[in-house]
Amino acid sequence: MIKLAQPQAQRLVLLLAGAVRSVLLYPGSHPAVVQQFAHLGSHVTELLRAYPEVRIGIIDGVLFCENHLFFTPTAAEEELAALLTNRHVEAVAFRAGLTPLELERFVELLTRRELLGEQLVAEVKRAGIAAISVELCGSGATEDHSQGDDEYDPGTTYREALDVVTGLFSEVEKGRIPSSDKLRGVVDRMATMIMQDRATLLGLAMIKDYDNYTFCHSVNVGILSMSLGAAAGLQRDELGELGMAGFLHDVGKTRVEITILNKPGRLSSDEYERMKMHSEEGARIVGEMPGVGERIARAVLGHHIRFDRAGYPESARALAFDRFCDIIAVADCYDAITTLRVYKSPLNPKDALLKLRSLAGSHLDSGLVQAFTEMMGRYPVGTLVRLDTNEVAVVFRPDPNGGERPVVKVVADPAGRLLDPAHMKNLARETGTRIVSVVDPLMTAIDVNRYLG
Ligand SMILES: [Fe+2]
Ligand SMILES: [Fe+2]
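Here, residues in each chain are numbered from 1, in the same order as that chain's written sequence. Lettering of chains starts at A and numbering of ligands starts at 1, both following the order in which they are written. pLDDT decides what is reported in this predicted model: residues at 70 or higher carry local features, side-chain atom pairs at 80 or more are listed and counted, and totals for whole chains, interfaces and linings draw on all residues regardless. Only hydrogens and water are removed before side-chain values are computed, so all heavy atoms of the structure are retained for them.

The protein has the name Cyclic diguanylate phosphodiesterase in an unreviewed UniProt entry, where Geobacter sulfurreducens is given as its organism.

This is the structure in structure tokens:
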């Protein structure tokens, strides 16, 4: 056994765990995966310059890296330990001569849940990865605890959230007090994904469903709130609570007549008063839900109270409202103004950000509007753009460096023919291609929605 310095061991475990997680969460070409492997590759190369071999594994149920044991693993390290155990792997040895490509290939194999024990060893051999050896547990018969890797697939998670919210709202409509368990499950998963990478669900939060407005809006506001909360520095636990409040902020609308909710044109003052009741109704419903704390109910009550506290409910203006209200208000406003409604046409993402700025300081918290604008990037997610290749693309993820080079989905070729399926282009990596203009989706036959899922 070699004597590795604690920070070196810690970093190796952290990077390997992060790489495994990124492979489970994203497609291989995703910038999060590429970046993670770049860091892992260079760290392993550096270690193998100093040592002939470095081992990571499980001993008595505890993750180790050479002479260091990880008794208090992070969530990602715990996942790595569980993965090794589930695959019947006792230790993995990285040896001198290992290339970054081999390392990447190995991690991909490790994440394939069907490759247990000998099958994994055989695949590693077949892939020609000579500088990694896999040592199996004595019996090779460890129980398989592997969970569905789909669990962290963004699209699957979004659809599940939509189902959960739809079911929950329909329970409320029937006059029942719904359980919050399923919602908490999906919110917690989303919070984990957002902590890992706050842009991961942003593209999905731009999905608009005119026929399912309230449900879709609720899910989008939940995601946008959590993403903004992460950008504003909230911790993991708070993010889950904020997400719950975001998903539930408009649950009180189940008590407002559909004719008022869908009325084209302006509401009469009576109708407006009725509509305004949804904050208090929502807070009451949420307050009765088991397992949902006071902070969530308070955020629901105050989601229209405005930053200057001149909003509604008027009777609640003197109450103390925390940051949750201000975060949800930004997310709520953005989703509402970018969505086609019975009475309003939507703003494109860029104009919507300008609109948010015009409301900063009065309706909305200026600092949060700034953080939201930075999070969405120079070309906000959901924007239709033309590239200098004359291809048309939908912005899918902001530029990780905050610049003008987002990840896009190319949806039309240079001749204007729609592509099916669309393909991803990471402009941060394909530096020869750039965005030349924003395209108005209404002037094309392109349904942006289709490409966000
Ligand atoms: Fe509302
Ligand atoms: Fe809302």
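> For this particular structure, what's the right way to read the packing of aromatic side chains?
Working definition: an aromatic ring pair is given by the centre-to-centre distance plus the angle between the planes. Stacked, edge-to-face and tilted labels apply to pairs of Phe, Tyr and Trp rings (six-membered ring for Trp) whose centres lie within 6.5 Å, assigned for plane angles under 30 degrees, over 60, and everything in between, in that order. Following the criterion strictly, the structure yields four aromatic pairs and no others. Charge-over-ring placement is defined geometrically: NZ (Lys) or CZ (Arg) within 6 Å of the ring centre, and within 35 degrees of the ring normal. One residue, R298, lies across the ring of F321, its end atom 5.6 Å from the ring centre. Note that K350 overlies the ring of Y379, its terminal NZ or CZ placed 5.2 Å from the centroid.

> What am I meant to see in the environment of E79 here?
Structurally, the position occupied by E79 is in helix α3 (residues 75-86). Take E79: its relative accessible area is 29%, and that puts it in the partly exposed class. Starting at the N terminus, helices and strands are each numbered in turn, a helix being any DSSP run of H or I of at least four residues and a strand any DSSP run of E of at least two. Only protein chains enter the accessibility calculation, which uses a 1.4 Å probe. A residue is then buried if its area is under 20% of the maximum for its type, exposed if over 50%, and partly exposed in between.

> I would appreciate a short explanation of the domain arrangement of the protein in the present structure.
Interfaces are often described in size by the accessible area the parts lose on coming together. Where each domain starts and ends comes from a domain assignment, either automatic or drawn from a database. The domain boundaries assigned to the protein delineate domain 1 (6-139), domain 2 (153-376) and domain 3 (384-451). Just the C-alpha atoms count here: the centres of domain 2 and domain 3 sit 28 Å apart. What counts as buried area is the accessible surface, traced by a 1.4 Å probe, that two parts surrender upon association, with contributions from both included. Among the residues domain 2 hides against domain 3, the three largest losses belong to A199, G203 and K208. Together they make up 38% of the total. Salt bridges are defined by distance alone: a side-chain nitrogen of Lys or Arg within 4 Å of a carboxyl oxygen of Asp or Glu. For the pair domain 2 and domain 3, the interface holds zero salt bridges. The term polar contact refers here to a pair of N or O atoms within 3.5 Å; inside protein, the definition further demands a hydrogen-donor-capable atom paired with an acceptor-capable atom, and it admits residues adjacent in sequence only when both atoms are side-chain atoms. Taken together, domain 2 and domain 3 are joined by zero residue pairs in polar contact (both at pLDDT 80 or more). Split by residue class, the side of domain 2 that touches domain 3 holds six nonpolar, two polar and three charged. Classification convention: Asp, Glu, Lys, Arg as charged; Ala, Val, Leu, Ile, Met, Phe, Trp, Tyr, Cys, Pro as nonpolar; all other residues, Gly among them, as polar.

> Sorry, what's going on with the coordination of the iron ion (ligand 2) here?
For a metal with four tetrahedral donors the ideal donor-metal-donor angle is 109.5 degrees, while six octahedral donors give ideal angles of 90 or 180 degrees. Coordinating N, O and S atoms are those within 2.8 Å of the metal (3.2 Å for Na, K and Ca), and as water is not part of the atoms, a site may appear to have fewer donors than expected. Here the iron ion (ligand 2) is held by the protein donor atoms H217 (NE2), H249 (NE2), D250 (OD) and D332 (OD), which lie 2.2 to 2.3 Å from it. The geometry test gives tetrahedral to four donors whose angles all lie between 85 and 135 degrees, gives square planar to four donors and octahedral to six donors whose opposite members are over 155 degrees apart with all other angles between 65 and 115, and gives irregular to the rest. The site at the iron ion (ligand 2) holds four donor atoms, and with the angles between them running 76 to 170 degrees, its shape is irregular. Coordination of the iron ion (ligand 2) draws on donor residues from a single chain, spaced H-x31-H-D-x81-D in sequence. Distance-wise, the iron ion (ligand 1) is placed 3.6 Å from the iron ion (ligand 2), both being coordinated by D250. Taken as a pair, H217 in helix α8 (residues 213-231) and H249 in the loop between α9 (236-248) and α10 (258-261) lie far apart in primary sequence, 32 residues in all. The exposure classification of H217 matches that of H249, with both residues buried.

> It is not clear to me how the UniProt feature "domain: HD" (unreviewed entry) in the protein should be interpreted in this structure. Could you clarify?
UniProt positions are given in the numbering used here, feature names are shortened, and annotations may be inferred rather than shown by experiment. According to UniProt, the "domain: HD" (unreviewed entry) feature falls on residues 214-337. The distance separating the terminal C-alpha atoms of residues 214-337 is 14 Å; by composition the span is 62% helix and 0% strand.

> I would appreciate a short explanation of the coordination of the iron ion (ligand 1) in the present structure.
The iron ion (ligand 1) binds to the protein through D250 (OD), H278 (NE2), H303 (NE2) and H304 (NE2); the donor distances cover 2.2 Å. Because the angles between the four donor atoms bound to the iron ion (ligand 1) fall within 84 to 174 degrees, the donor set is best described as irregular. Spacing between the donor residues of the iron ion (ligand 1) along their common chain follows D-x27-H-x24-H-H.

> I'm lost on the sheet that holds strand β5 (residues 132-136) in this one. Help?
Picture the strands of a sheet paired through backbone hydrogen bonds; they go either parallel or antiparallel. In spatial order, the strands read β3-β2-β1-β4-β5; together these five strands make up an open sheet with antiparallel pairing. Lying at the two open borders of the sheet, with one neighbouring strand each, are β3 (68-70) and β5. With strand direction ignored, the average angle separating the axes of adjacent strands in the sheet is 15 degrees. Two strands are counted as paired when DSSP detects at least two bridges linking them. Sheet topology places strand β2 (residues 62-65) next to β3; three bridges connect them, and they run antiparallel. By the bridge assignment for β3, F64 is matched with L69. For helices, the fitted axis covers only the stretch in contact; all axes are lines through C-alpha atoms, and the angles between them, taken along N-to-C directions, range from 0 to 180 degrees.

> Any chance you could explain the nonpolar core here in plain terms?
In terms of nonpolar packing, the biggest core is built from 127 residues, with L40, F94, L183, L356 and F372 touching the most fellow members. Setting aside chain neighbours within four positions, we find L40 in contact with L12, L15, L16, A19, L103 and V107. Put simply, buried Ala, Val, Leu, Ile, Met, Phe, Trp, Tyr and Cys residues joined by side-chain atoms within 4.5 Å make one nonpolar core. The next biggest cluster of nonpolar side chains, apart from the first, holds nine residues, and it includes V385, A393, V395 and L427. Should any heavy atoms of two residues lie within 4.5 Å, those residues are considered in contact.

> Just to check I follow, could you spell out the packing of α9 against helix α14 (residues 323-337) for this structure?
Between two packed helices, what matters for the description is the angle formed by their axes and the separation of those axes. The contact between α9 and α14 brings their axes to 10 Å, and the two run at 55 degrees. One element, α9, and the other, α14, form an angle in the oblique class. The two elements α9 and α14 cross, and the hand of that crossing is right-handed. When α9 is examined against α14, the residues E238, E241, L242, A245 and G246 are found in contact with a partner set consisting of F324, I327 and I328. Under this scheme an angle from 65 to 115 degrees is roughly perpendicular, one under 35 degrees roughly parallel, and one over 145 degrees roughly antiparallel; angles in between are oblique. Here a crossing is called left-handed whenever its near helix is offset anticlockwise from the far helix by less than a right angle, and right-handed whenever the offset is clockwise.

> Please clarify how the pattern of salt bridges should be interpreted in this entry.
Where charged atoms from two side chains of opposite charge come close, those side chains can pair. Under the definition given, this model contains 21 salt bridges. The shortest N-O distance in the salt bridge between R298 and E294 comes to 4.0 Å. With R298 and E294 both in helix α13 (residues 294-301), this residue pair falls four residues apart, about one helical turn. Given a relative accessible area of 55%, E294 falls into the exposed group. Notably, a salt bridge pairs R295 with D322, separated by 2.5 Å at the nearest N-O pair. Here R295, found in helix α13, pairs with D322, found in the loop between α13 and α14; they are 27 residues apart in sequence, far enough to count as distant. Using a relative accessible area of 33% as the deciding quantity, one classes R295 as partly exposed. Exposure remark for D322: the relative accessible area of 28% places this residue in the partly exposed category. Residues participating in the shared-partner salt-bridge network are E238, R295 and D322.

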